[in-house]
Amino acid sequence: MTAAGIARLAGVGRAAVSNWRRRHADFPQPVGGTETSPAFALGEVEQWLRDQGKLAEVPLRERVWQQLVGHPAGAAAALRQAGAVLLLVRDRPAAWRQLRGAADDAGLTGALPAALDSVLTARLGARHPVHGLTPQALAPSAALVRATADLAAADGAPQAYAFLLGRHLDANPRHYTLTPPGPAALMAELASLASPLRTVLDPACGTGGLLTAARERAAEEVAEHGAEHGAEQAGAPAGERVGTAASLTLHGQEADPDLAALTALRLALLAPDARVRVRAGDTLRADAFPAAAADAVLLHPPFNERNWGHDELAYDPRWEYGFPARTESELAWVQHALARLRAGGTAVLLMPPAAASRRSGRRIRADLLRRGALRAVIALPAGAAPPNGVPLHLWVLRKPGGGASASPRLLVVDTAGLATSTATTGRDKIDWPAVRTVAVDAWRAFDRDDALTEEPGVRRSLAAIDLLDDDVDLAPARHLPPPAAAGGPAELARVREELTTTLARTTTLARTATQAAPADGTRRSEGGGAADEPGPARWPLTTVGELARSGALVMRAGGAGTAPPGGAPAVLTDHDVLGGDAPSGTLPEAASAGAEEPVLVRAGDVVVPVLGGGAVARVIDDATAGAALGRNLTLLRPAPAAVDPWFLAGFLRGTANTRQASSYASTATRLDVRRLQLPRLPLADQARYGRRFRDLAAFEETLRHAARLGGQLVQALHDGLTDGSVAPE
């Protein structure tokens, strides 16, 4: 296990582990890894933590995870083995009990391959991608196998695998491109509106996010329509019941063999009633489902891929709408999706915005429009999916059938306005329920009537012939009439009045906040008068670490925790603290009934970001209380009888203080909160400083509010002048 794993095990930060290694000669020595990222033996670390009183018991999930990441074959191979064992435990519990009870470790790993191959073949088909489960590969995995089965007994096999796979993906963010739950759910719903989802294909399935969303959407359809259709379908065979989980088939293909195996296991465990077929291979060059006639294709293709098979596939029959240029790999995926649909089937693709306007693809886009195959282009807010700085598009396609319209039309929708900036950080928070409502309502109305009521700046139905110019540019923003300036002159007057009031308040607060010292530069004595000596004070100092050891405050690191089943609190992120914003993050889904509890902030807590090198400390107010503490944040909870929170936060923000407590790497600055200093003062003097620091905080927040109002007013005036609602004089 790595230092990060030790920190997670003990519930501390990585800096604490580094300190233990320096200060304790008996700390376990590395058994592998590199000089910059050493690896330690789990058993030795566990024992040392217990001896030091830093660990009571290792949670079962953490034990399984550490065995997985420390496996000699690597985490991906170990996760493949664990997933196959979980499938065996779930689908054939009697066979697993017999194997576990009758064999020692060598016997277990020797007999396991045959049992695993049998259950995998039955569940995923003879050509399943879960390979490498040989006696030799499983020989070092006996402890992992048994612990994984124990985790399945405690949490359930699907939940156990969801936890392990989720932790693996989080630990390797650069290796995988994920489709976030928001756009995945929207894509599945758009595909399902015309007809129930029975057969769904994702030809670039990655981690299976889109197929998982399709399965969840199919389950929602069963719940929505089960009562009205339950009686008439009760006597039908399971495979013939329309809209039931048993009638769902999920097909997926993935070029990465390891990822294909992990995704197959995920779907097999998550959708026990569905028929799952996942294959490994390059879809465009070696299609695993050439005869597919799917009801829906959901696809998040790789973007800007030059080596997609342009030279080998020049005469491929899939290029019904034109041979894509080498730079138009996304249009190759579009035509592949259409080729694998049944007549009238729907495909929804997550596309880069450039695919709607590049001149090299205009002829293919024109033919898609002429033949009625491309039905809608929906612009999503920036940040909907990686790459997060680009507002991606959804393309909704329908495979033409016998009843194709003689005058095809295209729906364009723009949901970019449904992302709101979180002030000074510049990040956007997407209102996914609002995005879903706008997109689904527009598509449902358009798909039913081929026309809909136009809404300026949001949605519009266009005749395909009107788009067939030299560029065939399908970007929604280019074809939507601009919305009227929000609120018109009345709103401008309101913003101007509020800005005037706010600026007046800054003047008042500035006078209060700057009454901190005599004009001659001497400091005040404890009685309030000027002391004789000039210059900075020379108080006796203590550190946050010493206060924590004495019980004057409690320290907690943020980032841990999952969403409980009944709803989750918002997460206070480091960006929220830096920008003075309300909590904007979300907790990950709980992987089991024993989900990790997040650290919840209380009024009076002090929260400090540990990355970035800035001098920031935020006192939690009643409005923020109850939020979960996010990553890269440290919480300080002072005892009311010992430390004033505003005094604590104010002194932690001193420039010299943060400089002496910071360490510097080549690309980042990290703050060691324990080393931050503050003076030893009586509580009454702390309160006196605390009141002044509170005044400064109010002044700072008012300045932020004035900046936001100023930006809003400037943009509104630009919009009003450009759309004619505001006269130049």
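S.K.: Before we go on, may I ask you to explain the confidence of the model for the protein chain in this structure?
M.R.: Reading fine detail from the predicted coordinates is not recommended where pLDDT is low. Within the protein chain, residue pLDDT values average 85, and 87% of them lie at 70 or more. Across the protein chain, element-level confidence peaks in strand β3 (residues 199–202) with a mean pLDDT of 98 and bottoms out in strand β14 (residues 522–524) with 47. For residues 421–427, every residue scores under 50 in pLDDT, and the model assigns this stretch 18 contacts once sequence neighbours within four places are set aside. Contacts from residues 517–531, a stretch scored under 50 in pLDDT, to residues over four places away or in other chains number 22 contacts.

S.K.: Can you walk me through the side chain of Glu 189 in this structure?
M.R.: For Glu 189, the position within the fold is in helix α11 (residues 181–192). Relative accessible area serves as the criterion here: at 8%, Glu 189 is assigned to the buried category. Here the side chain of Glu 189 touches Arg 436 through a polar contact of 2.7 Å, side chain to side chain. Beyond its immediate stretch of four places on either side in the chain, Glu 189 contacts Arg 217, Arg 436 and Val 440.

S.K.: Any chance you could explain the side chain of Arg 279 here in plain terms?
M.R.: Mapped onto the secondary structure, Arg 279 falls in strand β5 (residues 275–280). We note that Arg 279 is buried and unpaired, the nearest opposite charge coming from Asp 287 at a distance of 10 Å. Within polar-contact distance, the side chain of Arg 279 engages the backbone oxygen of Leu 124 at 3.4 Å. A polar contact is formed between the side chain of Arg 279 and the backbone oxygen of Arg 127, at a distance of 3.5 Å. Those residues within four positions of Arg 279 in sequence are excluded, and the remaining contacts are Leu 124, Gly 125, Arg 127, His 128, Gly 252, Gln 253, Glu 254, Ala 260, Ala 288 and Phe 289.

S.K.: Could you clarify how one ought to interpret the sheet that holds strand β8 (residues 374–379) in this entry?
M.R.: Pairing between the strands of a sheet is mediated by backbone hydrogen bonds and can be parallel or antiparallel. Pairing is mixed across the open sheet formed by 9 strands, whose spatial order is β5-β4-β3-β6-β7-β9-β8-β10-β13. Since the sheet does not close on itself, it has two edges, and those belong to β5 and β13 (459–463), each with one partner. Taken pair by pair, the neighbouring strands of this sheet meet at an average axis angle of 15°, ignoring direction. Where strand β10 (residues 409–414) meets β13, 5 bridges bridge the pair, whose relative direction is antiparallel. Along β13, the bridge assignment pairs Val 413 with Arg 459.

S.K.: In this structure, what is going on with the pairing of β5? I would like to understand it.
M.R.: Looking along a regular strand, one sees the side chains alternate between the two faces of the sheet. Pairing between strand β4 (residues 249–254) and β5: 6 bridges, direction parallel. Its bridge partner lying in β5, Gly 252 is registered against Val 278.

S.K.: Looking at this structure, I do not really get the pairing of strand β9 (residues 393–398). What am I missing?
M.R.: When you tally the buried positions in β9, you get 6 out of 6 residues, the bulk of the element. In β9, alternate side chains face the same way, and those of His 393, Trp 395 and Leu 397 on one face and Leu 394, Val 396 and Arg 398 on the other are all buried. Where strand β7 (residues 341–351) and β9 come together, 6 bridges link them in antiparallel fashion. Within the sheet, the bridge partner assigned to Thr 346 lies in β9 and is Arg 398. When β8 meets β9, the two strands line up antiparallel, connected through 5 bridges. Residue pairing across strands places Ala 379 opposite His 393, the latter belonging to β9.

S.K.: Help me understand the pattern of salt bridges in this model?
M.R.: Opposite charge on two side chains permits them to pair, given that their charged atoms come into close proximity. Per the stated rule, a full pass over the model turns up 32 salt bridges. One salt bridge in this structure joins Arg 100 and Asp 150, with 3.0 Å as the shortest N-O distance. Placement of Arg 100 in helix α6 (residues 93–102) and of Asp 150 in helix α9 (residues 142–155) is noted, with a sequence separation of 50 residues between them. Arg 704 serves as the salt-bridge partner of Glu 701, at 3.3 Å between the closest nitrogen and oxygen. In this pair, Glu 701 and Arg 704 are both assigned in helix α22 (residues 683–723), 3 residues apart and thus about one turn of the helix distant. One connected set of salt bridges, linked through shared partners, spans Arg 653, Glu 700, Glu 701, Arg 704 and Arg 708.

S.K.: What's the story with the packing of aromatic side chains in this structure? I'm lost.
M.R.: Think of a pair of aromatic rings as described by two things: how far the centres are apart, and how the planes are tilted against each other in angle. Using the criterion set out here, one finds 11 aromatic pairs in the structure. Aromatic pair Trp 539 and Phe 651: ring centres 5.7 Å apart, planes at 85°, arrangement edge-to-face. Within this pair, whereas Trp 539 is found in the loop between β15 (530–534) and β16 (541–543), its partner Phe 651 is found in helix α20 (residues 645–652), the two being separated by 112 residues in sequence. Among the aromatic residues, ring-to-ring pairing joins Trp 539, Phe 647, Phe 651, Tyr 689 and Phe 693 into one connected group.

S.K.: Please explain the environment of Ser 662 as it appears in this structure.
M.R.: Counting through the fold element by element, Ser 662 comes out in strand β23 (residues 662–664). When its relative accessible area of 13% is taken as the criterion, Ser 662 is described as buried. Sequence separation between Ser 662 and Leu 676 is 14 residues; the distance between their C-alpha atoms is 8.9 Å. Within polar-contact distance, the side chain of Ser 662 engages the backbone oxygen of Thr 658 at 2.5 Å.

S.K.: Looking at this model, I keep getting lost on helix α13 (residues 257–270). Mind explaining?
M.R.: Over its 14 residues, α13 runs 20 Å from end to end, which matches the ideal 20 Å to within 8%, given 1.5 Å per residue. Taken across its 14 residues, α13 has 10 buried, putting it largely inside the fold. Those residues of α13 lying buried are Leu 259, Ala 260, Ala 261, Leu 262, Thr 263, Ala 264, Leu 265, Leu 267, Ala 268 and Leu 269. The backbone nitrogen of Asp 258 lies 3.0 Å from a side-chain oxygen of the residue at the head of α13, namely Asp 256.

S.K.: Can you help me understand the packing of helix α5 (residues 75–91) against α9 in this one?
M.R.: Each pair of packed helices can be summarised by the angle the axes make with each other and by the distance between the axes. It is the contact of α5 with α9, at a shortest axis distance of 9 Å, that shows an interaxial angle of 50°. Here α9 runs oblique to α5, going by the angle between their axes. For the element pair α5 and α9, the recorded crossing hand is right-handed. Every residue of α9 that contacts α5 at Ala 78, Ala 82, Val 85, Leu 86 and Val 89 is listed here: Leu 144, Val 145, Thr 148, Ala 149 and Ala 152. When its residues are assigned to classes, the contact of α5 with α9 shows 9 nonpolar, 1 polar and no charged.

S.K.: Which parts of the structure should I look at to understand the nonpolar core?
M.R.: Among soluble globular proteins, nonpolar side chains are generally buried collectively. If you look at the biggest cluster of nonpolar residues, it comprises 92 residues, and the most contacted ones within it are Leu 112, Leu 120, Leu 190, Leu 298 and Leu 394. Looking at which element gives the most residues to this core, the answer is α5, with 10 residues. Setting aside residues no more than four positions away along its own chain, Leu 298 makes contact with Met 187, Ala 188, Ala 191, Val 200, Leu 201, Asp 202, Pro 203, Leu 210, Ala 214 and Val 348. Core analysis: the next-biggest nonpolar cluster, separate from the first, contains 42 residues, Ala 292, Leu 374, Val 377 and Leu 397 among them.

S.K.: Mind showing me how you'd approach the environment of Ala 7 here?
M.R.: Considering the arrangement of structural elements, one finds Ala 7 in helix α1 (residues 3–10). Taking the relative accessible area as the measure of exposure, Ala 7 reaches 5% and is therefore buried. The spatial distance from the C-alpha of Ala 7 to the C-alpha of Val 17 is 6.3 Å, given a sequence separation of 10 residues. Not counting chain neighbours up to four residues away, the residues in contact with Ala 7 comprise Val 12, Gly 13, Arg 14 and Val 17.

S.K.: Looking at this structure, how should I read unusual backbone geometry?
M.R.: In terms of backbone geometry, most residues other than glycine have negative phi values and most peptide bonds are trans. Cis geometry marks the peptide bond from Pro 386 to Pro 387, where omega comes out at -5°. Its place among the elements puts Pro 387 in the loop between β8 and β9. With a phi angle near 55°, Asn 304 is a residue other than glycine that sits in the positive phi range. Considering the arrangement of structural elements, one finds Asn 304 in the loop between β6 (294–299) and α14 (329–339). Unlike most non-glycine residues, Asn 632 shows phi in positive territory, near 60°. In this fold, Asn 632 is placed in the loop between β21 (628–629) and β22 (633–638). A relative accessible area of 30% means that Asn 632 is categorised as partly exposed.

So, how was this worked out
Residues numbered from 1 in each chain as written. Predicted model: local features only at pLDDT ≥ 70, side-chain atom pairs only at ≥ 80, totals over all residues. Heavy atoms only, no water. pLDDT = per-residue confidence, 0-100. Helix = DSSP H or I, 4+ residues; strand = E, 2+ residues; numbered from the N terminus. Contact = heavy atoms within 4.5 Å. Buried < 20%, exposed > 50% of the residue type's maximum accessible area, 1.4 Å probe, protein only. Polar contact = N/O pair within 3.5 Å; in protein donor to acceptor, adjacent residues only side chain to side chain. Lys, Arg positive; Asp, Glu negative; His and termini not counted. Salt bridge = Lys/Arg side-chain N within 4 Å of Asp/Glu carboxyl O. Pairing = 2+ DSSP bridges. Axes fitted to C-alpha atoms, helices over the stretch in contact; angles between N-to-C directions. Phe/Tyr/Trp six-rings, centres within 6.5 Å; stacked < 30°, edge-to-face > 60°. Expected span 1.5 Å × (residues − 1). Parallel < 35°, antiparallel > 145°, perpendicular 65-115°, else oblique. Left-handed = near helix turned anticlockwise from the far one by under 90°. Nonpolar A, V, L, I, M, F, W, Y, C, P; charged D, E, K, R; others polar. Core = buried A, V, L, I, M, F, W, Y, C linked by side-chain atoms within 4.5 Å.

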